[in-house]
Amino acid sequence: MDLYFLNIKDISDNDILDIKNHLPLRYLKSSSFKNEEDRLRCLGAGVLLRRCFPTLKEEDIFYNQYGKPYIKSKFFNISHSGNYVLLIIADNETGIDIQKIKSININNFNSILSDNEKNTLNKNSDFTFYKIWTRKESVIKLLGVGLKIPLKTIDTTLYDKDGFIKINNKIIYISTFEIEDYIYSVSSLNKEKIIKHF
């Protein structure tokens, strides 16, 4: 699996022009954001796609019934938070989520946490919450079914115990990493090496 990183501060005028010319719907979507960072994160997803698939055009991107994008030649998934946009490309279904670590009220998230996760959080920090959250989100994105599967039923503490989690008869492997004050998780159906490209 190949994992690509983009800091939105590194998006150039040429990148934006390329998106406008080759991914015009993404460009239009980015123009709808009032917040400049939201606009750049949206453009950043297109920038990474075009860098990794230089001939990619809008008509090459398809969506499943739940809105998960795909192309015919490879599996990919995108996530963004703060200054970062991440793109994972694999030969099998994959999911990724990145979150900037900030202080939160964990009680606001009780409805999406399993009992094991709640017990883990009672003893730990915001970092642990984001580890759980990015794992859940990356699994949901791998499955590509939106919130059809309740987040509470994905118990990420089982991953720490068994090295994988099982959902819908699929064995899912999760890798979790840190970069600066961010945490991100990658989910895949195979235990593969992740090659990082900065």
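The following paragraphs examine the structure supplied in this document. (Residues numbered from 1 in each chain as written. Predicted model: local features only at pLDDT ≥ 70, side-chain atom pairs only at ≥ 80, totals over all residues. Heavy atoms only, no water.)

## Looking at the packing of aromatic side chains
Under the definition given, this model contains 10 aromatic pairs. Considering the side-chain rings of F5 and Y184, the 5.6 Å spacing of their centres and the 80° angle between planes classify their relative orientation as edge-to-face. With a gap of 179 residues between them, F5 in strand β1 (residues 2-7) and Y184 in strand β9 (residues 182-188) connect regions that are remote in the sequence. Owing to a relative accessible area of 8%, F5 belongs among the buried residues under this scheme. Judged by its relative accessible area of 1%, Y184 falls in the buried class. Centre to centre, the rings of F5 and F198 are 4.2 Å apart; their planes meet at 15°, and the pair counts as stacked. Linking F5 in strand β1 with F198 in the segment after β10 (195-197), this pair joins segments that are 193 residues apart in sequence. Aromatic ring contacts, followed pair by pair, group F5, F177, Y184 and F198 into a single cluster. Residue placement shows K196 over the ring face of F177; its charged tip is 3.8 Å from the ring centre. (Phe/Tyr/Trp six-rings, centres within 6.5 Å; stacked < 30°, edge-to-face > 60°. Helix = DSSP H or I, 4+ residues; strand = E, 2+ residues; numbered from the N terminus. Buried < 20%, exposed > 50% of the residue type's maximum accessible area, 1.4 Å probe, protein only. Lys NZ or Arg CZ within 6 Å of the ring centre and 35° of its normal.)

## So, the packing of helix α4 (residues 115-122) against helix α5 (residues 126-143)
At a minimum axis distance of 9 Å, the contact between α4 and α5 shows a crossing angle of 155°. Our classification of the angle between α4 and α5 gives roughly antiparallel. From α4, E117, T120 and L121 reach across to α5, where they touch T128, F129, I132 and K136. Here the residues of the contact of α4 with α5 are counted per class, giving three nonpolar, two polar and two charged. (Axes fitted to C-alpha atoms, helices over the stretch in contact; angles between N-to-C directions. Parallel < 35°, antiparallel > 145°, perpendicular 65-115°, else oblique. Contact = heavy atoms within 4.5 Å. Nonpolar A, V, L, I, M, F, W, Y, C, P; charged D, E, K, R; others polar.)

## Thoughts on unusual backbone geometry
Unlike most non-glycine residues, E180 shows phi in positive territory, near 50°. Relative to the elements of secondary structure, E180 occurs in the loop between β8 (170-179) and β9.

## So, the sheet that holds strand β6 (residues 94-100)
Sheet architecture is open: four strands sit in the order β6-β9-β8-β7, paired in antiparallel fashion. Two strands lie at the open edges of the sheet, namely β6 and β7 (165-167), each paired on one side alone. Averaged over all neighbouring strand pairs, the angle between strand axes comes to 30°, with direction disregarded. As paired elements, β6 and β9 share seven bridges and run antiparallel to each other. Paired with T94 across the strands is S188, a residue of β9. Strands in contact with α5 are β6, β7, β8 and β9; relative to β6, the strand with the most contacts, it is inclined by about 150°. (Pairing = 2+ DSSP bridges.)

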